[in-house]
Each structure stands twice: as C-alpha cells, then as structure tokens.
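Spelled out from the first residue to the last, the chains are:
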Amino acid sequence: MSYSDNVLGALKARYSYQPEFLQAAEEILKTLQPALDKNPAYEKYHILERMTEPERTVSFRVEWVDDKGQIQVNHGYRVQFNSAIGPYKGGIRFHPTVNEGILKFLGLEQILKNSLTGTPIGGAKGGADFDPKGKSEIEVMRFCQAFMTQLYRYIGATVDVPAGDIGVGGREIGFMYGAYKRLTTKYEGILTGKGLTFGGSLARTEATGYGVVYFTDAMLKEKGDSLKGKKCAVSGAGNVAIYCCEKLYQMGATPVTVSDSRGTIYDPNGIKVDVLKQVKEVERASLTRYAELVSTAQYTPVEKYPSGLHQVWTYKVDAAFPCATQNELNEEDAKTLLANGCNTVAEGANMPSTLGAINQFLKAGINYGPAKAANAGGVATSQLEMEQNAGMTSWTFETVDGKLHDIMTNLYNNAAATAREFGVAGNLVLGANIAGFRKVADAMIAQGVI
Ligand code: NDP
Ligand code: 2IT
C-alpha cells in the first residue's frame, strides 16, 4: 500500500465521525503520491501524518444574553492547523452546522491554499455554531464580543490572524475588533476584512469573487478562450457570489443565477448586482425579496425540488461558479452541467463539489479550477491587508486589485506548470495540491520536529 493510502486509512479509522474532514483529506492525499515518490524525504519525516493533524485546536464555550434576557450557549473553536510558512491565517464561520470536523476540513484546505498564494501565511480556521439568521444587530454584537472574550488569548498580528467566512462579514469583524481592543488595549492588525476607517484594505470585500474570475480568465486564456459572451451559473448570494457576478459582467460574461438557503433565482437577462447588494448587504433579506424587486427573475423555493441547493445547476450555461457552501454540487449536478454543454467550473466556495462531481469534471477534461486555487484571492488580499497594517499605510484600490490579479495569474501558472511536471497537463486538482504541499512540507522538514 502506498504511503498516502496508509495515512488516509489511518485518518479514516481515527476520524470516522468527521466526514467532511475525511473528504478533504482524501481529495488531497489521493493526488500527492507522485510528489511523495519523487522526494522520499516526505515519508521519512512523516510529513503527511504531521500535516493532517492540527498543531492545536482550541474549543470554548461562548455564553451571551439574547434580547429576551435569556442566557444562550454556543460552541466556539479555532483550529490552528499549520504554521510552517507563516502565522496562522484563515476565516471564522458562524453557521449552525459548524463543528470541529467542518473546521478541520476548512483548515486543511487553507494550509495548501495559503501556500499557493505565494505569501507567508500558515493555515487555520475557526467559528461557532451560532446562527446569525433572525438575530438583532445587538445580539450579533453581544455574540461577537463573547466569542472574542475567549479567542483573544490565542490570536495576534504575528500569531494568528482570523478573517470572515460564512456568516462573518464586515459587521461581525468590526464588533470582534472592538472587543479585542477593549480586552487588550492594543490597536493591531489581528483580524482582516476590517472596515476601511480602521485598518481594512480596499478591495478585500471584492477579493474572493474577483479572484475566482481572474483565475478563470487565466485558465481560459491558455486555451485561447475567454469569458466574453459566456452565460454563467453562480450559486450563493453572499460575499463571494456577489463580487463574482460583478467581475463576470466586467469581463463581458453574464451571470444568470444566484441562490441562497431558501431558493434559486434564474434570470436569462442577467442578475442585477445592484439589487442583489441592496437585498443581501443592506436589507439582509432572502432572495424572495430580490424576486419582488426584479420582474424578470424566476424564483424557485427549495421546497420545490428534493435537495434544496441543486436547482441552480439545472440551467443551460457555459460556465459554473459554486460560491455557497461545501458539497453543494454533486455527481448528478456535474452530469447535468456537462450534458448542458458547460465546459468551465471554478469554485468560489470551499469544497463545493463532491468527490464524484470532481471525477466527472476531470474525466470530461473541462476547465476545472478547484477551490483552494480558484478562491485563494480572498486570503491573498487578507495578507495584503496584513502588509499594509504592518507598514501603517494603505494602498489604493487599483494597487491592491492589481496585486490580486497578479497573484491569481501566478497561482494559475504554478498549478498548471506543476500538473505538467507530473504528466497530467490540465489537472489543476493535482497541480494545486502538489504545488501547495511541497512548500509547506519543505518548510516543516527544515524546521525540525517541533
Ligand atoms: P456569506 O455568508 O456571505 O454567503 C453565503 C451564501 O451561501 C449565502 O447566500 C447563504 O445563503 C448560502 N449558504 C451558506 N450555507 C448554505 C447552506 N448550508 N445551504 C444553502 N445555502 C447556503 O459567505 P461567503 O460568501 O463569504 O462564503 C461562501 C463560500 O465561499 C464558503 O464556502 C466560504 O468558505 C467560501 N470562501 C469565502 C471567502 C471569503 O473571503 N469570504 C474566501 C474563500 C472562500 P443564506 O444567506 O440563505 O444562508
Ligand atoms: O476560505 C477562505 O480562504 C476565507 N474564508 C478567507 C480567509 C482569510 O483569512 O481571509
């Protein structure tokens, strides 16, 4: 049995109760063997056993008082997965489904993603099983303060720098930043995604969505193709989806769908980004509100189809951008997209495609940009925010956006070149995994057993 299969087997035996973590580990480990064969030091130094185990996981009680005066208790975590190439870095997710296994899958992905950005940041992820839906702004503030009251001990500008993810945007980062300052009296860049008046970076809000499209542009360019004139299915309606739609228009493409946990919007005339921003960023409403505001929009509620998330993949499109959540695109969805002539998929969300769906895309040989490569623009721009904070300066939108564009193009070139090096040109799953892995593994070996 190969080294990678051995380690995967041991992980499956030990963590059978963490299916998402095992799924992420399988996707990664199944592609690494050629790199492990090429450099026996990785097995000699037990790199896989070490890289798949977090350096540290902190879990804590988060207690707060709701608007009715009732005491609420949530579970909070920070998985500090790997610090071989830099301080821990990765988002915080507030969603009722959050548990240690979900955060381990996200943290493992983050190690390789952050390495791929070419910047010096380690991998981490955190969050809580708090559901921001239906909470008042004051409740969200109390929760963020309670969460930071636990977390502040473990983070720092050169230690661990969290950011946003599902359910955590500018508002929540602001509340957590204020809480950190109150607890420590320090004004430091301990979070990214901050507001522009207190150390945030221009273009961080847009970065993940824009980055996905820059990556796709680079991927298509190599084939002599472009996004111009392409019809696109985008899922999700949050931070990543909104700015993915915005950049698609700027590239001459048309997003015709968005979705949220309640339903899907289809509009052959194209999604209206200004209305989407109003509904999601300002009103924090459901897409039913979008359908009220845009008469050409066709709305399908989740109750209308068996497994809520999947309606969005049933339309005839040239390209698909899953930007909602994990496992939102399964093997059946992949077959539907392919049958409808879709030949480009780029992942804004983390692990949106199941292993079966990924196999379909690879088998069909379409342009497929896996999450840890395609959505790395968010964390890369977070690192640019850290750089600006460290230098007590701020750059223009054009400067940050230009750097983001260069990072995404270099990242694509690196993943594509690595795929070619291992004789599987175009397989960006293998290319991204091996390129991200080697840098972290080499740093771990150089730093010894610690
Ligand atoms: P947001 O909270 O801003 O938006 C998430 C969107 O996805 C919402 O429309 C939400 O619907 C929908 N969604 C989330 N969970 C589910 C679910 N279980 N079922 C159905 N719909 C769901 O998050 P982001 O846009 O920031 O994140 C989206 C994805 O992108 C995540 O996978 C995240 O990890 C990834 N990502 C985010 C980055 C960032 O910088 N923010 C960077 C890289 C990756 P509803 O509003 O109804 O809940
Ligand atoms: O999944 C991700 O890369 C993020 N949620 C962004 C992390 C960050 O530190 O900006």
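Structural notes, computed from the coordinates. Computed from a prediction, not measured in an experiment: that's the story for all the values here.

Thresholds, definitions, all that
Residues numbered from 1 in each chain as written. Chains lettered and ligands numbered in written order. Predicted model: local features only at pLDDT ≥ 70, side-chain atom pairs only at ≥ 80, totals over all residues. Heavy atoms only, no water. Axes fitted to C-alpha atoms, helices over the stretch in contact; angles between N-to-C directions. Helix = DSSP H or I, 4+ residues; strand = E, 2+ residues; numbered from the N terminus. Parallel < 35°, antiparallel > 145°, perpendicular 65-115°, else oblique. Left-handed = near helix turned anticlockwise from the far one by under 90°. Contact = heavy atoms within 4.5 Å. Nonpolar A, V, L, I, M, F, W, Y, C, P; charged D, E, K, R; others polar. Pairing = 2+ DSSP bridges. Near = heavy atom within 4 Å. Polar contact = N/O pair within 3.5 Å; in protein donor to acceptor, adjacent residues only side chain to side chain. Areas by Shrake-Rupley, 256 points an atom, 1.4 Å probe, with all protein chains shown as cover. Salt bridge = Lys/Arg side-chain N within 4 Å of Asp/Glu carboxyl O. Buried < 20%, exposed > 50% of the residue type's maximum accessible area, 1.4 Å probe, protein only.

**Focus: the packing of helix α8 (residues 204–221) against helix α9 (residues 239–250)**
Relative placement of two packed helices is described by the angle separating their axes and the distance separating the axes.
In step 1: Orientation of α8 relative to α9, taken along the N-to-C sense of each, is 50°, at an axis distance of 7 Å. It follows from the interaxial angle that α8 and α9 lie oblique. Like other packed secondary-structure pairs, α8 and α9 cross with a definite hand, here right-handed. Along the contact surface, α8 presents T205, E206, T208, G209, Y210, V213 and Y214, while α9 presents N239, V240, Y243, C244, E246, K247, L248 and Q250.
In step 2: Residue composition of the contact of α8 with α9, by class: seven nonpolar, five polar and three charged.

**As for the sheet that holds strand β1 (residues 56–65)**
In step 1: With respect to topology, five strands assemble into an open sheet ordered β1-β2-β4-β3-β5, the strand pairing being mixed. With one partner strand each, in any of the chains shown, β1 and β5 (160–163) form the two edges of the open sheet. Strand-to-strand, the axes of this sheet are offset by a mean angle of 20°, without reference to chain direction.
In step 2: Pairing between strand β3 (residues 88–94) and β5: four bridges, direction parallel. Within β5, the position partnered with G91 by the bridge is A163.

**Here we look at the site of ligand 1**
In step 1: Near ligand 1 lie 26 residues; those nearest to it are K133, D165, T208, S261 and N350.
In step 2: Within the side chain of R93, an N or O atom sits 3.0 Å from an oxygen atom of ligand 1.
In step 3: Measuring from an oxygen atom of ligand 1, one finds a side-chain N or O atom of K133 at 2.7 Å.
In step 4: Considered on its own, ligand 1 offers 880 Å² of accessible surface; in the complex 85% of this is hidden by protein.
In step 5: Secondary-structure elements contributing two or more residues to the shell around ligand 1 are α8, α9 and β7 (254–260).
In step 6: Taken together, the residues of the shell around ligand 1 sort by class into seven nonpolar, 12 polar and seven charged.

**Observations regarding the pattern of salt bridges**
In step 1: For the coordinates displayed, the defined rule picks out 22 salt bridges.
In step 2: R78 is paired through a salt bridge with D160; the nearest N and O atoms lie 2.6 Å apart. Of this pair, R78 sits in strand β2 (residues 71–82) while D160 sits in strand β5, and the two are 82 residues apart along the sequence. Like D160, R78 is buried.
In step 3: In the salt-bridge network here, residues are joined through shared partners; they are E27, E109 and K372.

**Here we look at unusual backbone geometry**
In step 1: Phi angles above zero are rare outside glycine, and H46 is one such case at about 55°.
In step 2: When you line up the elements, H46 lands in the loop between α3 (41–44) and α4 (47–51).
In step 3: Residue classification places H46 among the partly exposed positions, given a relative accessible area of 43%.
In step 4: Non-glycine residue N327 carries a positive phi angle of around 55°.
In step 5: Residue placement: N327 occurs in the loop between β10 (319–321) and α12 (331–339).
In step 6: Judged by its relative accessible area of 25%, N327 is partly exposed.

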